[in-house]
Amino acid sequence: MTNIRLRILSFVVIAYMLMAFTWWSVLLWKTLEDAFQAKSYLMKIGMIAEGRIRTDYDFYRSEDYLQLEQDYERQQWMVAGEGIFFVISLVMGVWLINRGYNKEVHSTQQRRNFLLSITHELKSPIASIKLVLETIRKRREKLLPEQMDKLTNSGLQEADRLNTLVNDLLLSAKLETAYQIHAEHFNLDEFLQDMIWKMEERHSDADFHYHSDAPGLIVEADKMGLTSVVGNLLENAVKYSRKGAVIRMELVQKARYCTITIADNGIGIPNEEKDRIFDRFYRVGNEDTRTTKGTGLGLFIVKEIVRAHGGTIEVSDNEPNGSIFKITIPTRLK
Ligand code: ADP
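Asker: Just to check I follow, could you spell out the overall build of the protein chain for this structure?
Answerer: Secondary structure summary: the protein chain contains 7 helices and 7 strands in total. Listing each helix as α and each strand as β along the protein chain from the N terminus yields α-α-α-α-β-α-β-β-α-β-β-α-β-β. Here the C-alpha atoms of the protein chain give a radius of gyration of 35 Å, more than 25% beyond the 20 Å that 2.2 N^0.38 yields for 334 residues. C-alpha atoms of the protein chain, sized along the principal axes, occupy 125 × 55 × 40 Å. By the burial criterion, 35% of the 334 residues in the protein chain qualify as buried. Taking contacts inside the protein chain between residues at least 6 apart in sequence as the whole, the part at least 24 apart equals 71%. For the protein chain, the accessible surface area stands at approximately 21,800 Å², while carbon and sulfur atoms represent 59% of it.

Below, the structure is given as structure tokens:
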């Protein structure tokens with residue numbers, strides 16, 4: 001609210017400045033004109049008294065008058081030039097201030113969203129693990145082996161979630177300052193197949209498909225980094241789709257590059273959001289109304305790791321709905 005008031009106040013001040021400036025410009029223009037009229041009138045009387053001219057025509061052709069007229073025109077140009085320069089500077093200044101203000105509001109909103117989501121993301125697995133441990137402590141004797149298994153599995157899953165989150169936080173901080181590719185040679189086709197199997201274990205309700213055009217493709221890349229890239233994209237494909245999502249991953253090799261495509265049939269990404277989703281902490285929508293969990297770090301990590309490999313990432317719409325993420329990376333690091 002205070003921000004809106006401040007904005008209105010600044011617009012009022014700017015409007016006042018513009019009006020005051022216009023008024024002073026018109027006044028200066030009029031004063032110049034009056035001064036010119038008065039000077040030329042005095043000059044004319046003087047010249048008639050000295051007998052230098054007889055008619056108006058002689059006066060307007062005289063050198064003194066032409067000089068006076070030239071000075072007057074120069075002053076007019078000066079006033080007009082200064083005026084235009086002032087208005088351009090003012091408009092540019094307002095535009096820059098406005099842009100800076102919008103950026104600041106945007107990043108404050110993102111930081112707020114991040115804090116809200118990170119608090120939730122950190123607290124909820126901790127609460128679940130605590131609950132699991134308390135249940136085991138209280139009902140140790142009464143629990144059946146399968147109940148015990150279920151509880152410990154759920155505790156482990158939550159611990160995994162916490163671990164992934166902390167890793168993401170550390171990796172994103174590292175990516176901004178000191179990320180170094182740890183190059184390894186490995187079979188990318190097998191690696192991707194393995195990722196799909198792991199995802200199938202975690203998300204039994206999703207339908208994963210993998211197709212490779214490059215069996216046995218050996219690449220030089222950061223295996224841990226690519227685990228994060230592919231893992232984040234596959235997790236997102238599940239997270240932003242309904243139950244029973246069909247997720248397709250494809251590997252294609254083109255000369256010294258290979259592309260990994262991950263397509264889902266989920267909620268899709270509006271065109272105006274497609275560039276922003278790769279920003280750090282950015283999440284589509286508002287934290288107060290959103291139902292999906294997340295921190296807005298995943299795609300930032302994906303983009304930075306792909307970039308560190310000298311590759312690119314693109315996002316497009318899937319048919320009839322959903323999104324397609326396409327990564328292109330060189331098969332050898334430069
Ligand atoms: P998070 O998933 O933690 O919110 P990400 O950086 O992974 O953060 O993604 C940023 C945003 O991009 C998400 O909040 C979501 O709105 C959008 N998004 C990412 N992947 C998909 C997808 N496959 N389908 C629809 N929206 C997506």
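Asker: Sorry if this is basic, but what is going on with the pattern of salt bridges here?
Answerer: Charged atoms that come close allow side chains of opposite charge to pair. Enumeration according to the criterion identifies 10 salt bridges in this entry. Between Asp56 and Lys44 there is a salt bridge, with the nearest N and O atoms lying 3.0 Å from each other. Separated by 12 residues along the polypeptide, Asp56 in helix 2 (residues 56–61) and Lys44 in helix 1 (residues 2–49) bring together distant segments of the chain. Two residues, Asp194 and Lys198, come together in a salt bridge whose shortest N-O distance is 3.5 Å.

Asker: When you look at the nonpolar core in this model, what are you seeing that I'm missing?
Answerer: Counting 51 residues, the largest nonpolar core has Leu188 and Leu234 as the members making the most contacts within it. Element by element, the count of residues in this core is highest for helix 6 (residues 223–239), at 7 residues. Looking at which domains feed residues into this core, each of domain 2 (117–177) and domain 3 (183–330) gives three or more. Once residues lying within four places of it in the same chain are set aside, the contact partners of Leu188 are Leu217, Val219, Leu226, Leu251, Cys258 and Ile260. Among the nonpolar cores identified, the runner-up in size contains 9 residues, and Phe36, Met47, Phe59 and Tyr65 belong to it.

Asker: Could you clarify how one ought to interpret the site of the ligand in this entry?
Answerer: Surveying the vicinity of the ligand reveals 19 residues, the closest of which are Asn236, Tyr240, Arg283, Thr295 and Leu299. Here an oxygen atom of the ligand sits 2.7 Å away from a polar atom, N or O, in the side chain of Tyr240. Within the side chain of Arg283, a nitrogen or oxygen atom sits 2.4 Å from an oxygen atom of the ligand. Isolated, the ligand exposes 530 Å² of accessible area, and the fraction of that covered by the protein chains is 97%. Sorting the residues of the shell around the ligand by element identifies helix 6, helix 7 (298–308) and strand 7 (323–330) as the ones contributing at least two each. Grouping the constituent residues of the shell around the ligand by class yields 9 nonpolar, 7 polar and 3 charged.

Asker: So what exactly am I meant to see when it comes to the pairing of strand 3 (residues 218–222) here?
Answerer: Consecutive residues of a regular strand have side chains that alternate between opposite faces of the sheet. Of all the 5 residues making up strand 3, 4 are buried; the element is thus mostly covered by neighbouring parts of the structure. Sheet topology places strand 1 (residues 183–187) next to strand 3; 5 bridges connect them, and they run antiparallel. Bridging across to strand 3, Ala183 finds its partner in Asp222.

Asker: Sorry if this is basic, but what is going on with the layout of surface pockets here?
Answerer: Taken as a whole, the second largest pocket holds about 240 Å³ of empty space. For the lining of the second largest pocket, the secondary-structure elements that each account for two or more residues are helix 1 and helix 3 (63–139). The element that contributes the greatest number of residues to the lining of the second largest pocket is helix 3, accounting for 6 residues. Broken down by class, the residue content of the lining of the second largest pocket amounts to 7 nonpolar, 3 polar and 1 charged.

Asker: Looking at this structure, I do not really get the domain arrangement of the protein chain. What am I missing?
Answerer: A common way to express how large an interface is: the accessible area buried when the components associate. Entries for the protein chain in the domain assignment read domain 1 (2–110), domain 2 (117–177) and domain 3 (183–330). Computed from C-alpha atoms alone, the centre-to-centre distance between domain 1 and domain 2 is 70 Å.

Asker: Sorry, what's going on with the side chain of Glu273 here?
Answerer: Looking at the element boundaries, Glu273 is found in the loop between strand 5 (257–263) and helix 7. At 4.2 Å, Arg276 is the nearest oppositely charged side chain to Glu273, a buried residue that forms no salt bridge. In this structure Glu273 touches Tyr282 and Val284, once residues within four positions along its chain are discounted.

Asker: Quick question: what am I supposed to make of a nonpolar patch on the surface here?
Answerer: Nonpolar side chains collect at one region of the surface, where Leu9, Val13, Tyr16 and Met17 lie side by side and expose about 410 Å² of accessible area between them. Summarising the element assignment, Tyr16 is placed in helix 1. Here Tyr16 falls in the exposed class, since its relative accessible area comes to 56%.

Criteria and thresholds
Residues numbered from 1 in each chain as written. Predicted model: local features only at pLDDT ≥ 70, side-chain atom pairs only at ≥ 80, totals over all residues. Heavy atoms only, no water. Helix = DSSP H or I, 4+ residues; strand = E, 2+ residues; numbered from the N terminus. Rg over C-alpha atoms; globule rule 2.2 N^0.38 Å. Buried < 20%, exposed > 50% of the residue type's maximum accessible area, 1.4 Å probe, protein only. Contact = heavy atoms within 4.5 Å. Areas by Shrake-Rupley, 256 points an atom, 1.4 Å probe, with all protein chains shown as cover. Salt bridge = Lys/Arg side-chain N within 4 Å of Asp/Glu carboxyl O. Core = buried A, V, L, I, M, F, W, Y, C linked by side-chain atoms within 4.5 Å. Domains from an automatic or database assignment. Near = heavy atom within 4 Å. Polar contact = N/O pair within 3.5 Å; in protein donor to acceptor, adjacent residues only side chain to side chain. Nonpolar A, V, L, I, M, F, W, Y, C, P; charged D, E, K, R; others polar. Pairing = 2+ DSSP bridges. 1 Å grid on protein atoms, 1.4 Å probe; cavity = no way out; pocket = protein on both sides within 12 Å on 5 of 7 lines; lining within 4 Å. Points joined across faces, edges and corners; volume = space filled by probe spheres on them. Lys, Arg positive; Asp, Glu negative; His and termini not counted. Patch = residues over 30% accessible without salt bridge, like charges linked within 9 Å, V, L, I, M, F, W, Y side chains within 5 Å.

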